Structures are given as C-alpha cells and as structure tokens.
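Here is what each chain is made of, one letter per residue.
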Amino acid sequence: MGKVSALCLYPELLSEPLFPDDAKQRARRLLAACGGQSVGAYTASHGIEIIRQDVARYIERRDGGIPANPDNIYLSTGASDAVMTMLKLLVSGEGRSRTGVMIPIPQYPLYSAGIAELNAVQVNYYLDEEHCWAPLFSPTAAPATQHCGSLSRLPGEAGGAK
C-alpha cells in the first residue's frame, strides 16, 4: 500500500520503472476517481466513491454475501473524527431534554471527552459477560437516563424494560 500511496501523492512517479505495474494500476484507478486526478482535491464528505464501493464489496465478502450499500458507508480520517461527527449529529436539546449518550464502562476516553465537549449527558452502563454482554444499569444512573428517550425506566424497575 505504501507504493500506491507514494504514486498517488507524487503521480510523476508513475513513469518510473522502479514501481510494479500492479501498484501503478491501482494508483491510476484511485487518481481517476479523485477530482482533478489529485488526492489533494476536494472529495465528498462521506469519502471517495470507488473506495466506498471497495469497502462495501469487502464487507459483503466478509459477511457471507449480505449486501453492503456503499451509499451507507462513511469514511473518515480516523475513529476520533468519526465518533465526534456522529455525536455532533445526535446531540441536541436543552436542560432535561439534552441528549444523553450511553457508554459502556470501562470506556474509551474519547467518548467521555466528546460528550463533555458537546455538553451532552453521559449515561454510564456496565456489561454482564455471563449474560451475553447484556447491559446492566446501576440505580445511580437513574437520574441520567431521563436524558435517554427510550429509557424512561431502568430494566427491572416497575414498568421498566425487562
């Protein structure tokens, strides 16, 4: 992949004999899909189409033929950017209607940092390994769950989900 990246970043290398033909072919394919045939050009916010198509084909093969739609694939520069983009899409409201975001404990610090940055409500939960990783809710989480629309009551409480 390093050779393909080098060829895409410096296309003048495509005429050099020191690069294998298959790397040149992949680089030309990628460059043709980029505006102006340059990886520095603007791309759609969800990623370059042929790369999303390749990812969809990979997912379909990996998942035993279950179709994957490239239009439902969003590429990002990394997990942090993707998580923050999704949180920004989801967080809204004020006061009691402010969005609550459920996160498993222990958690990756990106989640709590992103939730704090967006002034959302962090709703912690634990997972029960002995019961297929089912979520466990602590009574101390009850006040925070008012910020989660589908969790008006904790599991096991009167009238709550079972």
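The rules behind these values
- Residues numbered from 1 in each chain as written.
- Predicted model: local features only at pLDDT ≥ 70, side-chain atom pairs only at ≥ 80, totals over all residues.
- Heavy atoms only, no water.
- UniProt positions renumbered as here; feature names shortened; annotations may be inferred.
- Patch = residues over 30% accessible without salt bridge, like charges linked within 9 Å, V, L, I, M, F, W, Y side chains within 5 Å.
- Areas by Shrake-Rupley, 256 points an atom, 1.4 Å probe, with all protein chains shown as cover.
- Salt bridge = Lys/Arg side-chain N within 4 Å of Asp/Glu carboxyl O.
- Helix = DSSP H or I, 4+ residues; strand = E, 2+ residues; numbered from the N terminus.
- Buried < 20%, exposed > 50% of the residue type's maximum accessible area, 1.4 Å probe, protein only.
- Contact = heavy atoms within 4.5 Å.
- Core = buried A, V, L, I, M, F, W, Y, C linked by side-chain atoms within 4.5 Å.
- Pairing = 2+ DSSP bridges.
- Axes fitted to C-alpha atoms, helices over the stretch in contact; angles between N-to-C directions.
- Disulfide = S-S within 2.5 Å.
- Expected span 1.5 Å × (residues − 1).
- Arc of directions from axis to C-beta.

Named according to an unreviewed UniProt entry, the chain is alanine transaminase originating from Chrysemys picta bellii. Quoted straight from UniProt, the Sequence similarities (unreviewed entry) entry for the chain says "Belongs to the class-I pyridoxal-phosphate-dependent aminotransferase family. Alanine aminotransferase subfamily." Here the chain is described in UniProt, under the heading Cofactor (unreviewed entry), as follows: "pyridoxal 5'-phosphate".

## Notes on a nonpolar patch on the surface
Together, Leu9, Tyr10 and Val39 make up an exposed nonpolar region whose accessible area comes to about 330 Å². With respect to the secondary-structure elements, Tyr10 resides in the loop between α1 (2–9) and α2 (21–33).

## Some points on the environment of Leu136
By the element assignment, Leu136 lies in strand β3 (residues 134–136). Judged by its relative accessible area of 40%, Leu136 is partly exposed. Not counting residues up to four positions away in its chain, the partners in contact with Leu136 are Tyr125, Tyr126, Leu127 and Asp128.

## As for the nonpolar core
Val4, Leu7, Cys8, Leu14, Phe19, Ala23, Ala27, Leu30, Leu31, Cys34, Ile48 and Ile50 form the largest nonpolar core, which has 12 residues in total. Where this core is concerned, the elements lending two or more residues are α1 and α2. Leave out the neighbours within four places in its chain, and Ala27 touches Val4, Leu7, Cys8 and Leu14. By size, the runner-up hydrophobic cluster in this structure holds nine residues, among which are Leu87, Ile103, Ile115 and Leu118.

## What about the sheet that holds strand β1 (residues 100–104)?
Across the sheet, which stays open at both edges, the three strands sit in the order β1-β2-β3 with mixed pairing between neighbours. Single-partner strands in this sheet number two, and they are β1 and β3. With strand direction ignored, the average angle separating the axes of adjacent strands in the sheet is 45 degrees. Pairing of β1 with strand β2 (residues 121–128), which is carried by five bridges, proceeds in the parallel orientation. In the sheet register, Ile103 faces β2, and the bridge partner there is Asn124.

## What to know about the pattern of salt bridges
Scanning the entire structure with this criterion turns up five salt bridges. A salt bridge links Arg26 to Asp22; the nearest nitrogen and oxygen atoms lie 3.7 Å apart. Taken together, the residues Arg26 and Asp22, both in helix α2 and four residues apart, mark about one turn of the helix. Since its relative accessible area comes to 42%, Asp22 is described here as partly exposed. We note a salt bridge from Arg52 to Asp71, for which the minimum N-O separation is 3.9 Å. Highlighted residues: Arg52 in helix α3 (residues 49–62) and Asp71 in the loop between α3 and α4 (79–90), separated in sequence by 19 residues. Each of Arg29, Asp54 and Arg57 takes part in one network of salt bridges that share partners.

## What to know about the state of the cysteines
Formally, a disulfide is one covalent bond, and it connects the sulfur atom of one cysteine to the sulfur atom of another. Applying the stated rule across the entire model yields zero disulfides. With no disulfide of its own, Cys8 has Cys34 as its nearest cysteine by sulfur position, at a separation of 6.9 Å. The class for Cys8 is buried, based on a relative accessible area of 8%.

## Thoughts on α2
When the terminal C-alpha atoms of α2 are compared, their 19 Å separation across 13 residues agrees well with the 18 Å that a helix rising 1.5 Å per residue should span. All buried positions along α2 are accounted for by Ala23, Lys24, Ala27, Leu30 and Leu31. Down the axis of α2, the sector holding all buried residues measures 130 degrees, keeping them to one side. Turned more than 90 degrees off the buried face of α2, the exposed positions are Asp21, Gln25 and Ala32. As for α2, its buried residues are in contact with α1 and α3.

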